[in-house]
Amino acid sequence: MPVFYGTEIDSSLMLGTAGYPSPRILADAFARSGAGIATVSLRREAGGGQDFWALIRSLGVGLLPNTAGCHSAREAVTTAQMAREVFATDWIKLEVIGHADTLQPDVFELVEAARILASDGFKVFPYCTEDLTVCDRLLAAGCQVLMPWGAPIGSGLGLNNPHGLRALRAAFPDVPLVVDAGIGLPSHAAAAMEMGYDAILLNSAVARAGDPVAMAAAMADAIRAGRAAWLADPMERTDMAIPSTPVIGRAFL
Amino acid sequence: MSVTVIGGGVMGLCIATELNARGIPAAILDRAPGPQACSWWAGGMLAPWCEGESAEPAVVRHGLGAADWWRDQGVPVTRNGTLVVSPARDTGALARFARRSQGHRMLDAQGIAALEPDLGTRFDRALFFDSEAHLAPREALAILSERLARTQAATGQVIDCRGLSARDALGDLRGVRGEMVVIRCPEIALSRPVRLLHPRMPLYVVPRGDGVFMLGATMLESDRRGPPTARAVLELLSAAFALHPAFAEAEVLELGADARPAFPDNLPRIRRVGGVIHANGLYRHGFLLAPAVARMVADHLQHQTRPEFMDADHD
């Protein structure tokens, strides 16, 4: 099971809390998913979200507040400081948006915010791209977890750059890696886990499904299967068929 | 038996109206309808089938009779249906909405233009929910309120319809903030509410007549009641612009915001707490569900039934 900043979590699924049809369905989805961590946004609800936050706390899972909607290091740092007070945790999912259409991270502001927050004692979970150099800088800034995107937030496109994600896993074998954003289907989540990723963070794929509770269960199953497959050391791919039963005595070319 | 209803928003007015119609004297204890009630800011869509896309089936079932109930109270109800469109780059949204709702048929561009000439052929496809209706919330509240003002002050059974203010007695009630804009745009005429499905900024436009439109509404998990944020206004106006560029020339008449009372499943509740009966939690379905909840409250008082939205007593 994944270990983030010395804390072991009993599930590889991290689930967002936005956009569900109702808080009741959100709570049911969490129960069915077995998710160990809930991400929660501070910014848009600032100044009146207490009822909703109380509801999230009552889920009984770890909380990972995020800086969703921030467009600069300064905004993100302020939001993180507010989140630390509101949720009484030094964990922060650091999100600094750089592009209006793709919502992809502004990696320059991200590294700067990570440096400031890490030196202030925060345990930073940066939402980043799969760029190796950016990830190197984030680790140097004090991050001990990396959360590369699979695809743009809310797009449901899956893993846009499987090669890049595999290269990242190979480059940082000892750093906890989480695919964050872009997951639309259980097969996307399973594919990332089969690559050796430690966890999956998703929200829309469950919240926007016709039956969020059933989709939460499907995601949990897929993530378990993908993790088990990684641990089982999958066979190598080959271009030539290798028969599983002897072919001696049969005609073959 | 007589009844005092605390709270003069849509819930309280509907209950008092329904009780009086059944011969049970009921009076409202509150100011006349105004901006203090969150129903003042409502869209007034009577659109059970559209709401069914994301709401529980009970919302559809109990919302179907709303238009008739309002008509029977002498409130003008426009029965022109609802049109649902999506931006060209997000056609999947319309297919998904169609899959998850009932009571609609798909129109092509010509079909849309025939219903709403000012939308012309801007959209290739739309869902048309022909049995839905809408009303003007402030007019509806005023009609009920004025009629009730002539009833004698009553005492007796207290029914608490204070909305979010009743959180002192209803611990599981929360606020869901909504923000709206009212504009005047004489260049555009619409005959029915139009919903724009947009992954980031869903919008509905409700025509109020004389070129006036209500644009709504955001949904935020917050009980803050202060003025709309710049972000909310930007999103609502941008979405309206996406629906029709002529909205850019509109005059902004009003900005509004309030917090809707809601329970965790976003369904209403009738609940006895001590001797008081609470009716609350209409969420974004005030004008749609208040008539059904009013009937349930009246049934409960008259026949001691335990209606669908009534949960365990909290003595």
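It should be emphasised that the depicted structure is a prediction, and the values quoted were computed from it without experimental measurement.

Topic: the overall build of chain B
Helices and strands together make up the secondary structure of chain B, namely nine helices and 15 strands. Taking 2.2 N^0.38 as the reference for a compact globule, 315 residues should give roughly 20 Å; the C-alpha atoms of chain B span a radius of gyration of 19 Å, in line with that estimate. The C-alpha extent of chain B, read off along each of the three principal axes, is 60 × 35 × 35 Å. Expressed as a percentage of its 315 residues, the buried residues of chain B come to 57%. For chain B, long-range pairs separated by at least 24 residues make up 76% of all intrachain contacts whose partners lie at least 6 apart in sequence. Split by element, the accessible area of chain B, about 12600 Å² in all, is 52% carbon and sulfur. When the 34 positive and 35 negative side-chain charges of chain B are each reduced to one mean point, those points stand 2 Å apart.

Describing helix α6 (residues 162-171) of chain A
Residues and elements named next belong to chain A. Of the positions making up α6, those classed as buried are G164, L165, L168 and R169. For α6, the arc enclosing every buried residue in end-on projection is 140 degrees, short of the 170-degree limit, so these residues lie on one face. Exposed and oriented more than 90 degrees from the buried face of α6 are H163 and A170. Where α6 is buried, its residues contact α5 (132-140), β8 (147-148) and β9 (178-180).

Considering the domain arrangement of chain B
Residue and element names in this part refer to chain B. Assigned domains of chain B: these are domain 1 (3-76 + 134-173 + 263-303) and domain 2 (82-130 + 175-262). Centre-to-centre, using C-alpha coordinates, domain 1 lies 25 Å away from domain 2. With 32 residues of domain 1 at the interface, the matching set in domain 2 holds 33 residues. Between domain 1 and domain 2 the total buried area reaches about 2500 Å² when both faces are included, carbon and sulfur atoms providing 61% of it.

Quick look at the UniProt feature "active site" (unreviewed entry) in chain A
Residues and elements named next belong to chain A. With numbering aligned to this structure, UniProt lists the feature "active site" (unreviewed entry) at K93. Among the secondary structure elements, K93 is positioned in strand β6 (residues 91-94). We classify K93 as buried; its relative accessible area is 7%. If near-sequence neighbours (up to four positions away) are discounted, K93 is found in contact with L64, P65, N66, T67, F125, Y127, M147, D180 and L201.

The rules behind each value
- Residues numbered from 1 in each chain as written.
- Chains lettered and ligands numbered in written order.
- Predicted model: local features only at pLDDT ≥ 70, side-chain atom pairs only at ≥ 80, totals over all residues.
- Heavy atoms only, no water.
- Helix = DSSP H or I, 4+ residues; strand = E, 2+ residues; numbered from the N terminus.
- Rg over C-alpha atoms; globule rule 2.2 N^0.38 Å.
- Buried < 20%, exposed > 50% of the residue type's maximum accessible area, 1.4 Å probe, protein only.
- Contact = heavy atoms within 4.5 Å.
- Areas by Shrake-Rupley, 256 points an atom, 1.4 Å probe, with all protein chains shown as cover.
- Lys, Arg positive; Asp, Glu negative; His and termini not counted.
- Charge placed at Lys NZ, Arg CZ, Asp CG, Glu CD.
- Arc of directions from axis to C-beta.
- Domains from an automatic or database assignment.
- Buried area = accessible area lost by both parts, 1.4 Å probe.
- UniProt positions renumbered as here; feature names shortened; annotations may be inferred.

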